[in-house]
Amino acid sequence: MKEQIIELIMTAAKLDRETVAGILEIPPKADMGDYAFPCFQLAKTLRKAPPAIAADIAAKIGDVDIIDKLEVKGAYLNFFLKKEMFVKSMLERADTANFGSSAAGKGKTICIDYSSPNVAKNFHVGHLRTTIIGNSLYKIYSKLGYHVERINHLGDWGTQFGKLIVAYKAWGSREAVEENGVAELMRLYVKFHEEADKNDALNDEARAWFTKMEHGNEEALEIWRWFVDISLKEYKGTYELLGMEFDHYTGESFYRDKTAAVIEKLQNANLLEESEGARIVDLEEYNMAPCLIMKKDGSSIYATRDLAAVYYRKETYDFEKCLYVTGQEQKLHFAQVFKVMELLGNDWAKDSLVHIPYGLVSLEGAKLSTRSGNIIYAEDILLEAIDKVKKTIEEKNPNLEDKDEVAKIVGVGAILFHDLYNQRIKDVSFKWDKVLNFDGETGPYVQYTYVRCASILRAVSYDENADINCGLLLDDEAVALLKEINRFPQVVMDAAEKYEPSVVARFAMDVAQSFSRFYNACRVNVEDTDLRNARVKLVALTKNTLKDALDLLGIQCPEQM
RNA sequence: GCACCAGUAGCUCAAUGGAUAGAGCAAUGGCCUCCGGAGCCAUGUGAGGAAGUUCGACUCUUCUCUGGUGCACCA
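Quick look at the structure, then. (Residues numbered from 1 in each chain as written. Chains lettered and ligands numbered in written order. Predicted model: local features only at pLDDT ≥ 70, side-chain atom pairs only at ≥ 80, totals over all residues. Heavy atoms only, no water.)

**Quick word on the pattern of salt bridges**
Then, in step 1: Considering all chains together, one arrives at 31 salt bridges under this definition.
Then, in step 2: Across the pair Arg-207 and Asp-204 runs a salt bridge, and its minimum N-O distance is 2.9 Å. Residue Arg-207 and its partner Asp-204 are located together in helix α10 (residues 201-214), separated by three residues, close to a single helical turn.
Then, in step 3: A salt bridge links Arg-424 to Glu-500, with the nearest nitrogen and oxygen atoms 3.9 Å apart. In this pair, Arg-424 sits in the loop between α17 (403-420) and β13 (428-430) while Glu-500 sits in the loop between α21 (488-498) and α22 (502-521), placing the two residues 76 residues apart along the sequence. (Salt bridge = Lys/Arg side-chain N within 4 Å of Asp/Glu carboxyl O. Helix = DSSP H or I, 4+ residues; strand = E, 2+ residues; numbered from the N terminus.)

**Focus on the protein's contact with RNA strand B**
Then, in step 1: Of all residues adjacent to RNA strand B, which total 69 residues, the nearest are Tyr-76, Glu-252, Lys-295, Tyr-302 and Arg-523.
Then, in step 2: Those atoms of RNA strand B that come within 4 Å of the protein belong to sugar or phosphate at a rate of 64%.
Then, in step 3: One of the side-chain nitrogen or oxygen atoms of Lys-44 is found 3.3 Å away from a phosphate oxygen of RNA strand B.
Then, in step 4: Here a sugar or linking oxygen of RNA strand B sits 3.4 Å away from a polar atom, N or O, in the side chain of Gln-513.
Then, in step 5: Considering each element in turn, the surface near RNA strand B owes the most residues, seven residues, to helix α19 (residues 443-459). (Near = heavy atom within 4 Å. Polar contact = N/O pair within 3.5 Å; in protein donor to acceptor, adjacent residues only side chain to side chain.)

**With respect to helix α7 (residues 159-171)**
Then, in step 1: End to end, α7 covers 18 Å across 13 residues, agreeing with the expected 18 Å (1.5 Å per residue, within 8%).
Then, in step 2: Burial of α7 is extensive: 10 of the 13 residues sit out of reach of the surface.
Then, in step 3: When we look at burial in α7, the residues that qualify are Thr-159, Gln-160, Phe-161, Gly-162, Lys-163, Leu-164, Ile-165, Val-166, Ala-167 and Tyr-168.
Then, in step 4: Buried residues in α7 make contact with α8 (174-180), α9 (182-198), α10 and α11 (218-242). (Expected span 1.5 Å × (residues − 1). Buried < 20%, exposed > 50% of the residue type's maximum accessible area, 1.4 Å probe, protein only. Contact = heavy atoms within 4.5 Å.)

**Things to note about the packing of aromatic side chains**
Then, in step 1: Counted according to the given criterion, the structure contains 28 aromatic pairs.
Then, in step 2: Taking 5.6 Å as the distance between ring centres and 85° as the angle between the ring planes, the aromatic pair formed by Phe-40 and Tyr-76 counts as edge-to-face. A residue pair is termed long-range when its members are at least 10 positions apart, and Phe-40 in the loop between β1 (35-38) and α3 (42-46) and Tyr-76 in strand β3 (residues 76-81) qualify at 36 residues.
Then, in step 3: Relative accessible area serves as the criterion here: at 48%, Phe-40 is assigned to the partly exposed category.
Then, in step 4: Residue class for Tyr-76 comes out partly exposed when judged on its relative accessible area of 31%.
Then, in step 5: A centroid spacing of 6.4 Å and a plane angle of 90° characterise the contact between Tyr-312 and Tyr-317, whose relative ring orientation is edge-to-face. (Phe/Tyr/Trp six-rings, centres within 6.5 Å; stacked < 30°, edge-to-face > 60°.)

**Examining the layout of surface pockets**
Then, in step 1: The computed volume of the largest pocket comes to approximately 1,500 Å³.
Then, in step 2: What lines the largest pocket is a set of 46 residues, among which Asn-118, Lys-121, His-127, Glu-329 and Gln-330 lie closest to the centre.
Then, in step 3: When residues of the lining of the largest pocket are traced back to their parent elements, those giving at least two are α6 (125-143), α7, α9, α13 (302-317), β9 (321-327) and α14 (331-343).
Then, in step 4: In terms of residue class, the lining of the largest pocket is built from 15 nonpolar, 22 polar and nine charged.
Then, in step 5: There is about 1,100 Å³ of room inside the second largest pocket.
Then, in step 6: Lining the second largest pocket we find 37 residues, and of these Ile-26, Asp-34, Phe-86, Lys-483 and Glu-484 sit closest to its centre.
Then, in step 7: Every element with two or more residues in the lining of the second largest pocket is listed here: β3, α5 (83-94), α20 (476-486), α21 and α22.
Then, in step 8: Top element by residues in the lining of the second largest pocket is α20. It accounts for seven residues.
Then, in step 9: When the residues that make up the lining of the second largest pocket are grouped by side-chain class, the tally is 16 nonpolar, six polar and 15 charged. (1 Å grid on protein atoms, 1.4 Å probe; cavity = no way out; pocket = protein on both sides within 12 Å on 5 of 7 lines; lining within 4 Å. Points joined across faces, edges and corners; volume = space filled by probe spheres on them. Nonpolar A, V, L, I, M, F, W, Y, C, P; charged D, E, K, R; others polar.)

**Concerning the sheet that holds strand β11 (residues 361-363)**
Then, in step 1: As summarised here, the arrangement of the three strands in space is β12-β11-β13, forming an open sheet in which the pairing is mixed. One side of each edge strand has no neighbouring strand; the edge strands of this open sheet are β12 (366-367) and β13. (Pairing = 2+ DSSP bridges.)

**A word on the nonpolar core**
Then, in step 1: Counting residues in hydrophobic clusters, the biggest one holds 157 residues, and the most contacted among them are Phe-37, Phe-79, Ile-112, Met-213, Leu-323, Phe-417 and Phe-518.
Then, in step 2: The leading source of residues in this core is α11, at 13 residues.
Then, in step 3: Residues in contact with Ile-112, not counting those within four places in the same chain, are Gly-134, Leu-137, Tyr-138, Val-148, Glu-149, Arg-150, Ile-151, Leu-323 and Val-325.
Then, in step 4: Within the second largest apolar cluster, 33 residues are counted, among which are Leu-272, Cys-291, Phe-338 and Met-341. (Core = buried A, V, L, I, M, F, W, Y, C linked by side-chain atoms within 4.5 Å.)

**Quick notes on helix α23 (residues 529-552)**
Then, in step 1: Given a rise of 1.5 Å per residue, 24 residues ought to cover 34 Å, and the 35 Å separating the end C-alpha atoms of α23 matches this to within 8%.
Then, in step 2: In terms of burial, α23 is largely enclosed, as 17 of its 24 residues are buried.
Then, in step 3: Its side-chain oxygen placed 2.9 Å from the backbone nitrogen of Asp-530, Asp-528 serves as the N-cap of α23.
Then, in step 4: Looking one or two places after α23, you find Gly-554, whose phi comes out positive at around 85°.

Next comes the structure, spelled out in structure tokens:
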């Protein structure tokens, strides 16, 4: 019905569609009407006081069948729609297959580079964020019809492997690595840094080993492959727990034979210069530190590999956009890489390469640090949450079937929701009691609301195909809930535009809270068949919407919990 | 030193430049003859500071304060 309001205003005020649609808004409170048209902006061109303009438009619109009441309140022209018609239109809109999805991205590809853990290091709370945010963006863009390539740009190449090889040879053993996996690699890595602090020669030795890797030294590569395999196996366990998959595990090593071409391009474009023995692209003109391309020993660095990756992805996937979900501390790095791509004559780079930064995770206020032991691993958090949910189930619903499966869905959902509920850029101070609290604005609350819907649909007898009498859905709580649900398509678009899953998470919460109020005020299982069918319809719509919204966050819904 | 990000209720956070700045947590008091109490209802406290742009600023600009992050051979 929004469209009809727009047209009424267009005719009455003699304005074009774009202007009207841009001004028309939904009032902050229900008692201010269903739509509002603030007339401030028109005052200048019409040279009239805003309230007078509002009154004028109201008079010109006059009596229309879809409008119950027009109210001029200050500069605002508030539209109160005929409730029954309004409810009907909202109901029909939401009651369609693929509600919330669109074809906006049809035929377009988006690459998302996310998760990308550093091989041979444990997967900790910080890595969870990129993984969860990236996965949600994948879901959101898919909902809008985009084809998405999920790329795990593993940190599986670089000097850290030189360090690991040195450490392995000095203080490690095959048996220990085989027995303890990544934990042992981690131990070796930490040990290396402790020793290197005392003996800088170790760093040179590590760089030398990495250079050997770059030159194809079999001994080095064999150890490297082994370490990568061990790490990947562990990461995949975590991804499985999270219910996430990737299309490509093309890590940094994938680009090792593609960096030479990048360097050649830079040379041809006359962008490369020597500085302190290394090769750089000077970016002073753009108020940025220089971008390091080649180390003084001739080996590549992550920027080089990132550049190679951009070229590869553009050629292979022909992306509309390539998103990089990493911590905000890497902002400068990506700004440099993107700028270099631009300087190489790739005009598309400016708009299609996007860094999606997120805030830093700290632990109980202190910085995360493997070396000081101030760290929590992703898997531990997930398992802890699952465990807590299981205890709650034992307490509240001991006869539930599939307890383990439900505990997993709810526990993992709690962690995901917690991570996605606030704007990405906010720093996160990890606190166990917050993460494991399932009351209020939490994932389990939304899932619980879904379960209530499911429970009602099981308990109540109704006719799925009955014509709904919208005149029976006029309770304030029912109308408010429908209004909330109707925001879904816009919410998905906003979330995509801002690269911000929290928009969807907030929406899911709003719907759930709205439903809870409805649930408390209006009984569904009533004698009157028509009323029952109407309310059941609303419950079913809520259920679907919650499921779809949570799905966009990578969260599943149990039917019971 | 330079750059970037964030400052909103005791805590954690919301709010396309618009109406009386909203939620949750914590606290207190209510609500099951009723579809699941992981719920609902009620009660209180407010924008780091200063200028500016605007009819209108939590939102935009500048300065400033506080906290965080980054600034060459790690990723």
